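Topology and contacts: notes
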Amino acid sequence: MSSTLRSVLLASALFSTQAAATEFSFISGNPADAFGNSYSQTVGGLTVTASAWSTTGHGNRYQTAELEIFSGYGMGVCNRDEGLDCSSSGNMHALDNSGAADLILFSFSSAVQFGQLSLQQFGGDSDLSLWAGSGSLNLEGQKTNDLGWAMAVTNSSRVDNIKTVNLSGFSGSYDWLAVSARVSQFNDFAKLRALQVEAVTTPVPEADNWAMLLAGLGLVGFAVRRRIR
């Protein structure tokens, strides 16, 4: 390989996609108290939007629920079977499957790779079912089986604690992540505290790297022109 071609390839490599770690924290904030609400957070140019869902009613199909953030603990769900006053004093609504499967859907402004998810576990288990996909997802009226394969995560300790879930089982890049209390069970309770992802970005070359790229391309063009002559 010629030195000119090596220079061109080296400079061109500056444009390759790279991953930048981003962490979203959900232990503070105040989503509107309403069914069908949502919560958005932007870190380093990447935005995540969370919405709450539950399988109550409609033949065990998903319908909108209320997204709750309890300060210092994390994000949970108040579904339509848990009463009208979801924000009542002392009511720490968790992501649970007591009577219905609660779910939090995270949608990203651009494709990401998943790192890890941290959660606050309560007295019971905090087993999870997780799905991920590309494009947009509308959960209204869907059943859990409609979402396809789910990654199962087991946290069976009975002691209140903060747990970390490794999401490396999802390879590739995705536009959304759905986190549910373990489907087909009834004793899982958790609050989601933080989500770490890696956003695919294209870095802007520095001035000297731009010069290297342009010089390399110029030399290639000159060599091709001489051969034609």
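Residues numbered from 1 in each chain as written. Predicted model: local features only at pLDDT ≥ 70, side-chain atom pairs only at ≥ 80, totals over all residues. Heavy atoms only, no water.

Regarding the nonpolar core
Test applied: We call a set of buried Ala, Val, Leu, Ile, Met, Phe, Trp, Tyr and Cys residues a nonpolar core when their side-chain atoms join them within 4.5 Å. Only protein chains enter the calculation, and the probe is 1.4 Å; a residue is then buried if its accessible area is under 20% of its type maximum, exposed if over 50%, and partly exposed in between. Elements are defined by DSSP. Helices are runs of H or I of four residues or more, strands are runs of E of two residues or more, and each kind is numbered from the N terminus.
Formed by 35 residues in total, the largest nonpolar core has its most connected members in Met75, Phe106, Phe108, Leu130 and Leu177. Residue assignment for this core shows that the elements contributing at least two residues are strand 3 (46-54), strand 5 (66-70), strand 6 (74-78), strand 8 (102-121), strand 9 (128-133), strand 10 (151-153), strand 12 (174-181) and strand 13 (189-201). Of all the elements, strand 8 adds the most residues to this core, at seven residues. In this structure, Trp53, Tyr62, Leu103 and Leu139 belong to the second largest nonpolar core, which totals nine residues.

Focus: the environment of Leu139
Here is the rule we go by: It only takes one pair of heavy atoms within 4.5 Å for two residues to be counted as in contact.
Relative to the helices and strands, Leu139 resides in the loop between strand 9 and strand 10. The exposure class assigned to Leu139 is buried, which follows from its relative accessible area of 0%. Along the chain, Leu139 and Trp53 lie 86 residues apart, while their C-alpha atoms are 7.8 Å from each other. For Leu139, the contacting residues outside a window of four places in its chain are Trp53, Tyr62, Leu103, Leu105 and Leu147.

Remarks on the side chain of Ser129
Convention followed: A 3.5 Å cut-off defines polar contacts: any pair of N or O atoms within that distance qualifies, except that in protein one atom must be a possible hydrogen donor and the other a possible acceptor, and neighbouring residues in sequence count only when both atoms are side-chain atoms.
As for its placement among the helices and strands, Ser129 is situated in strand 9. When its relative accessible area of 3% is taken as the criterion, Ser129 is described as buried. Within the local environment of Ser129, its side chain forms a polar contact with the backbone nitrogen of Val183, the two atoms lying 3.2 Å apart. With residues near it in sequence (within four places) discarded, Ser129 still touches Ala150, Met151, Ala178, Val179, Ser180, Ala181, Arg182 and Val183.

Focus: unusual backbone geometry
In this structure, Ser184 takes a positive phi of about 70° despite not being glycine. Mapped onto the secondary structure, Ser184 falls in the loop between strand 12 and strand 13. Residue classification places Ser184 among the exposed residues on the basis of a relative accessible area of 77%.

With respect to the confidence of the model for the protein chain
Using the following cut-off: Confidence scores here are pLDDT values: one per residue, from the predictor, ranging 0 to 100.
Looking at the protein chain as a whole, its pLDDT mean stands at 83, while 72% of the residues score no less than 70. Taken as a whole, residues 4-17 scores under 50 in pLDDT and shows 27 contacts with residues more than four places along the chain or in a different chain.

A few points about the pairing of strand 2 (residues 38-43)
What counts here: Note on pairing: DSSP must find at least two bridges between two strands before they are called paired.
The sheet contact formed by strand 2 and strand 3 spans six bridges and is antiparallel. Along strand 3, the bridge assignment pairs Ser38 with Ser51. Adjacent in sequence and paired antiparallel, strand 2 and strand 3 are bridged by two residues, among which Gly44 carries a positive phi angle near 60°.

Focus on the packing of aromatic side chains
To keep it simple, the criterion reads: Aromatic contacts are taken between Phe, Tyr and Trp rings whose centres are within 6.5 Å, Trp giving its six-membered ring; a plane angle under 30 degrees counts as stacked, one over 60 as edge-to-face, and the others as tilted.
Applying the stated criterion across every chain, the model contains seven aromatic pairs. Geometrically, the ring pair formed by Phe26 and Phe106 is stacked, given 5.3 Å between the ring centres and 20° between the ring planes. Of this pair, Phe26 sits in the loop between strand 1 (18-25) and strand 2 while Phe106 sits in strand 8; the two residues are 80 residues apart in sequence, bridging distant segments of the chain. Of the two residues, Phe26 and Phe106, neither departs from the other in class, the shared state being buried. Ring centres of Trp149 and Phe170 lie 5.8 Å apart, and the angle between their planes is 75°; on these two criteria the pair is classed as edge-to-face. Of this pair, Trp149 sits in the loop between strand 9 and strand 10 while Phe170 sits in the loop between strand 11 (161-166) and strand 12, placing them 21 residues apart in sequence. Each member of the aromatic cluster is reached from another via a ring pair, and the members are Phe108, Phe114, Trp149, Phe170 and Tyr174.

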